[in-house]
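The residues making up each chain are set out below.
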Amino acid sequence: MKIVAADIIVTSPDRNFVTLKITTDEGITGLGDATLNGRELSVASYLRDHVAPLLMGRDPHRIEDTWQFLYRSAYWRRGPVTMAAIAAVDVALWDIKAKAAGMPLYQLLGGASRTGIMAYGHASGRDIPELFDSIRRHLDEGFRSIRVQTSVPGINAVYGVAAQPSSTGQRYDYEPAQRTPLPAEEDWDTRAYLRHLPSVFEAVRGEFGPELPLLHDGHHRMTPIQAAKLGKALEPYDLFWLEDCTPAENQEALRLVRQHTTTPLAIGEVFNTVWDYQTLIREQLIDYVRSAVTHTGGITAMRKLLDFAAQYQIKSGIHGPTDISPVGMAAALHLDLAIHNFGIQEYMKHTPLANEVFRQSFTFTDGYLHPGDQPGLGVELDEEAAARFPYEPAYLPFNRLKDGTVHDW
């Protein structure tokens, strides 16, 4: 079997997605997600202009060899663009291999280690009553674990809070990338956030009790000592995890956080290789790996990363917002089902338009996801539908402090 075509499809059903479609001389096709939120065309160009020509004539079954070839032959290694492109190729090749074998991908990864994949939903509110309503809606939808995000008095717009105003006047919901010529500017005040957040979790626990798993995303905005302070303040409310409490490019910073709090820590959605995790995993400074299959070199690389984490009793918490396409989501679910050290899966439901373009076999029932049992990933791309939604420039927001300093968003 040989690769005879590698097509890059960019489509924008409510948001931008980049999909790689690899075709073999036997007519088997495989899909890979190459979406990089706010920088989609950079990955599309990398694939079209640099990677696709290298794939022609290669044996699609040689997945490990192809991965190493694309990683090492570029010389300039790592980075989100390179690793998203490699991930797309890797996932597409796994899709082809599983289709050729006539079985769902998770069977090739060793078979199922569980019957379902626990997922968490995303509740938010501009005040406590609105937050409670959002939590109840998610519980009614079947979620049994809930991420809690809230507005903060004195701050106009906060990451992760649905229905708050945006620069375009449209609903600011799960997908904050806004279709504007320039990134939207938002404000931030860490001290106000640290004062407000513990009272929010006190109210949520008082209303919904001690059993409901609760998560929160700090979104990289705190210094290590601020993150330690928040983790300690949230200990009475028994969080499932505190995510991205501080920018973790400085891996040693998590030593300070870990020293002061027993709140479980999740890190890594902006990471893209195992090298970003070496200190964090070896010194057991985190509890959950947050990378996305789409941004971290695909299934081949993520499996190795999670096997490394398993040696230290660190579990998976794979990134899964709506800027991961249904193709990337399906890849994550097959991996979730197969690995032993699964923790939890982030899940945001895609829009009806996205589901029209990407036809999926994975299911969500009673709080648990399952990738389905169709051969391969279980996702098919409707290229006619995709063509109806051309790319539109979109940017994530950025933060400034009160004195005008650019800050982590």
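Here goes a summary of the coordinates provided. (Residues numbered from 1 in each chain as written. Predicted model: local features only at pLDDT ≥ 70, side-chain atom pairs only at ≥ 80, totals over all residues. Heavy atoms only, no water.)

1. Observations regarding the overall build of the chain
Move 1: When its secondary structure is counted, the chain shows 13 helices and 18 strands.
Move 2: Here the C-alpha coordinates of the chain stretch approximately 60 × 45 × 45 Å along the principal axes.
Move 3: Burial analysis of the chain (409 residues in total) assigns 59% to the buried set.
Move 4: Here the chain has roughly 16300 Å² of accessible surface; of this, 51% comes from carbon and sulfur atoms.
Move 5: One way to put it: in the chain the 38 positive side-chain charges average out to a point 4 Å from where the 51 negative ones average out. (Helix = DSSP H or I, 4+ residues; strand = E, 2+ residues; numbered from the N terminus. Buried < 20%, exposed > 50% of the residue type's maximum accessible area, 1.4 Å probe, protein only. Areas by Shrake-Rupley, 256 points an atom, 1.4 Å probe, with all protein chains shown as cover. Lys, Arg positive; Asp, Glu negative; His and termini not counted. Charge placed at Lys NZ, Arg CZ, Asp CG, Glu CD.)

2. Brief notes about the sheet that holds strand β2 (residues 17-24)
Move 1: An order of β1-β2-β3 is seen for the three strands of this open sheet, with the pairing classed as antiparallel. Bordering the open sheet on either side are β1 (3-11) and β3 (29-33), each of which pairs with just one other strand. Ignoring which end each strand starts from, the neighbouring axes of this sheet average 20 degrees apart.
Move 2: Judged from the eight bridges that link them, β1 and β2 form a sheet pairing that is antiparallel. (Pairing = 2+ DSSP bridges. Axes fitted to C-alpha atoms, helices over the stretch in contact; angles between N-to-C directions.)

3. A short note on the packing of aromatic side chains
What characterises a pair of aromatic rings is the spacing of the ring centres plus the angle enclosed by the ring planes.
Move 1: Applying the stated rule across the entire model yields 15 aromatic pairs.
Move 2: Considering the side-chain rings of F17 and F358, the 5.5 Å spacing of their centres and the 85 degrees angle between planes classify their relative orientation as edge-to-face. Linking F17 in strand β2 with F358 in strand β13 (residues 358-360), this pair joins segments that are 341 residues apart in sequence.
Move 3: Judged by relative accessible area, which is 0%, F358 ranks as buried. (Phe/Tyr/Trp six-rings, centres within 6.5 Å; stacked < 30°, edge-to-face > 60°.)

4. What to know about the nonpolar core
Move 1: Formed by 115 residues in total, the largest nonpolar core has its most connected members in I22 and L47.
Move 2: The contact partners of L47, leaving out residues within four places of it in the chain, are I8, L20, A34, A52, P53, A85, A88 and V89.
Move 3: Membership of the second largest hydrophobic core comes to seven residues, among which are Y120, F240, W241 and I344. (Core = buried A, V, L, I, M, F, W, Y, C linked by side-chain atoms within 4.5 Å. Contact = heavy atoms within 4.5 Å.)

5. Quick look at the sheet that holds strand β18 (residues 406-407)
Move 1: One open sheet holds the three strands; their spatial order is β6-β17-β18, and the pairing between them is mixed. The open sheet terminates on both sides in strands that have one partner only, identified here as β6 (185-187) and β18.
Move 2: Sheet topology note: the strand β17 (residues 398-400)/β18 ladder contains two bridges and is antiparallel. Each bridged residue has a counterpart across the sheet, and for R400 the counterpart in β18 is V406.

6. Here we look at the pattern of salt bridges
Move 1: Tallied over the full model, the rule gives 24 salt bridges.
Move 2: For R126, the salt bridge goes to E130, with nearest N and O atoms at 2.7 Å.
Move 3: Given the relative accessible area of 22%, E130 is considered partly exposed.
Move 4: Here E346 and R290 are joined by a salt bridge, their closest N and O atoms 2.8 Å apart. Of this pair, E346 sits in strand β12 (residues 345-346) while R290 sits in the loop between β10 (288-289) and α10 (298-310), and the two are 56 residues apart along the sequence. In this pair, the class of E346 matches that of R290, namely buried.
Move 5: Where salt bridges share partners, they join E243, E269, R290 and E346 into one cluster. (Salt bridge = Lys/Arg side-chain N within 4 Å of Asp/Glu carboxyl O.)

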